[in-house]
Amino acid sequence: MSVLVAGMICGSCNGGMSAPPPPPPPPATFELVQVANGFSTPLDIQQPDDASGRLFIVEQGGHIQIIQSNGTRAATPFLDITGRAGFTSGGETGLLGLAFHPNYKNNRRFFVNYTRNNATQLQTVIAEFTASSTNANVADPTTENILFTVDQPFSNHNGGGLAFGKDGFLYIGLGDGGGSGDPSGNGQNTTTLLGKMLRIDVDSTHAPGLNYAIPPSNPFATSGGRAEIWLFGLRNPFRFSFDSVTGDLWIGDVGQNNFEEVDHLTSAQGGANLGWNIMEGTHCFLPSTGCSTAGLTLPVFDYDHSQGDDTVIGGHIYRGTKMPSLVGTYVFGDFISGRMWILTQTGSTFTRTSLFTVAANDLSAIGQDQLGELYVARYSTGAVSRIHQVGQP
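Please read these numbers as outputs of a predicted model, since none were measured by experiment.

(A) Spotlight on unusual backbone geometry. With an omega of 10°, the peptide bond running from Trp276 to Asn277 counts as cis. Turning to its location among the elements, Asn277 is positioned in the loop between strand S16 (259–265) and strand S17 (279–280). The phi torsion at Asp182 lies on the positive side, around 60°, for a residue other than glycine. Inspection of the secondary structure puts Asp182 in the loop between strand S11 (170–174) and strand S12 (196–200). At Asn361, a residue that is not glycine, the phi angle is positive and equals roughly 55°. On the secondary structure map, Asn361 appears in the loop between strand S23 (349–357) and strand S24 (363–368).

Below you can see the structure in the form of structure tokens.
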């Protein structure tokens, strides 16, 4: 072998030792990129599957505003319910949630959750509206169809979220009715809708006296409780979502004095008892020690209040493309502290990792567009921002 050939073969042999591996890439970092501002106490962000690219922003005071696909705001609200009889907002009341029908592009139907005073009785209202056939940026206020109302014994723990599952049914999260510690035991009482996740059919023919149908696979469809109930044992499921790939349900259930929880359920777990008020998270509540967990479905993760956290904001399993480091993780946060995290699953273990911190008392919702990208509604600052992985589009 010539010296030249030997040199060509072993020119990178480094004295017989292999070259050291390249250094690992730096950990991904994330930031908020503002999309629009000037909103009044925004509580929810939704986007219909209509190819318009618009984001719809729910304001607690009774308006739904539109951010156009180019980032500009529509001049007038999409919906204004401030003139509805008895409409009330403030604290944990107001216009609390929005869900677009899966076929919104063709039927223009959408659903809202709001509160009103009927004489002296506070009520949750679940209602349907239809968007205008001549102006896509305006809902027709005359089309309101109230599906049902629920009397609320207190002004807190009203829930607020509603969303369509991959099964095409509408899911509605209702709190336990408020008061400290669920004084009426609503969470464990299947004869009331309070403290439950409901599932109804808004497309099929309904029975006389109802404005919706009951899916026959609901756990109490024929006996044992209210037919609308899908899950029970909830305290205040303010925000929940469905994984766009698996269809699994993820719930951020706001805790009482000590613990916040995240629940994860598959479509096969209808009828599950999530524990409240026997449990607060994975810990005994009533009784405070020695409680039985038999028959309960406990959260996959809970956290205490020792770091200034106090109100979990449920988020989404990230399925977008612009933040590769987050794909498959659950992104969620806390309203009081403003901290945001991801949950990563390894086997049956869930690990929480910090993402970044928004201002305290500011993080009110984590929204998702049709491409799976995530947005944050900022309650105090009135801004809507996209979560962005630094170095990515």
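(B) Inspection of the environment of Gln368 at higher detail. Its location among the elements puts Gln368 in strand S24. Considered as a pair, Gln368 and Tyr171 are 197 residues apart in the sequence and their alpha carbons are 17 Å apart. Those residues in contact with Gln368 that sit more than four places away from it in its chain are Ile45, Gln47, His316, Ile317, Glu373 and Leu374.

(C) Fine view of the side chain of Gln152. Following the sequence through the fold, Gln152 ends up in the loop between strand S9 (139–151) and strand S10 (162–164). When sequence neighbours within four positions are dropped, the list of residues in contact with Gln152 reads Gln121, Leu122, Gln123, Thr124, His157, Asn158, Gly177 and Leu194.

(D) A look at the packing of aromatic side chains. Considering all chains together, one arrives at 23 aromatic pairs under this definition. When the centroid spacing of 4.9 Å and the interplanar angle of 80° are considered together, the rings of Phe56 and Phe78 count as edge-to-face. In this pair, Phe56 sits in strand S3 (residues 55–59) while Phe78 sits in the loop between strand S4 (63–67) and strand S5 (79–80), placing the two residues 22 residues apart along the sequence. The exposure classification of Phe56 matches that of Phe78, with both residues buried. Here the aromatic rings of Trp276 and Phe285 are separated by 4.7 Å at their centres, their planes lie at 45°, and the arrangement is tilted. Given the relative accessible area of 3%, Trp276 is considered buried. An aromatic cluster of at least three residues, connected via ring pairs, comprises Trp250, Phe301, Tyr303, Tyr330, Phe332, Trp341 and Phe350.

(E) Highlighting the sheet that holds S12. The 4 strands are arranged S10-S11-S12-S13 in an open sheet whose pairing can be described as antiparallel. The strands lining the two open edges of the sheet, one partner per strand, are S10 and strand S13 (229–232). Sheet twist, expressed as the average angle between the axes of neighbouring strands with direction ignored, equals 20°. Direction of pairing for S10 relative to S11: antiparallel, over a ladder of 3 bridges. When the sheet's bridge partners are listed, Ala163 is paired in S11 with Tyr171.

(F) Broad picture of the nonpolar core. Within the largest apolar cluster, 32 residues are counted, with the highest numbers of intra-cluster contacts made by Val262, Leu326, Val331, Phe332, Met340, Leu355 and Ile387. At the level of secondary structure, the elements contributing two or more residues to this core comprise strand S19 (301–304), strand S20 (312–317), strand S21 (330–334), strand S22 (339–346), S23, S24 and strand S25 (374–378). Among the elements that make up this core, the one with the highest residue count is S22 (4 residues). If we skip the residues at most four places from it in the chain, Val262 touches Trp250, Ile251, Pro299, Val300, Phe301, Val312, Tyr330, Phe332 and Leu343. The next biggest cluster of nonpolar side chains, apart from the first, holds 21 residues, and it includes Ile66, Ala74, Leu98 and Tyr104.

How each quantity is defined
- Residues numbered from 1 in each chain as written.
- Predicted model: local features only at pLDDT ≥ 70, side-chain atom pairs only at ≥ 80, totals over all residues.
- Heavy atoms only, no water.
- Helix = DSSP H or I, 4+ residues; strand = E, 2+ residues; numbered from the N terminus.
- Contact = heavy atoms within 4.5 Å.
- Phe/Tyr/Trp six-rings, centres within 6.5 Å; stacked < 30°, edge-to-face > 60°.
- Buried < 20%, exposed > 50% of the residue type's maximum accessible area, 1.4 Å probe, protein only.
- Pairing = 2+ DSSP bridges.
- Axes fitted to C-alpha atoms, helices over the stretch in contact; angles between N-to-C directions.
- Core = buried A, V, L, I, M, F, W, Y, C linked by side-chain atoms within 4.5 Å.

It is worth stressing that arrangement in space is one thing and function is another; only the former is reported here.
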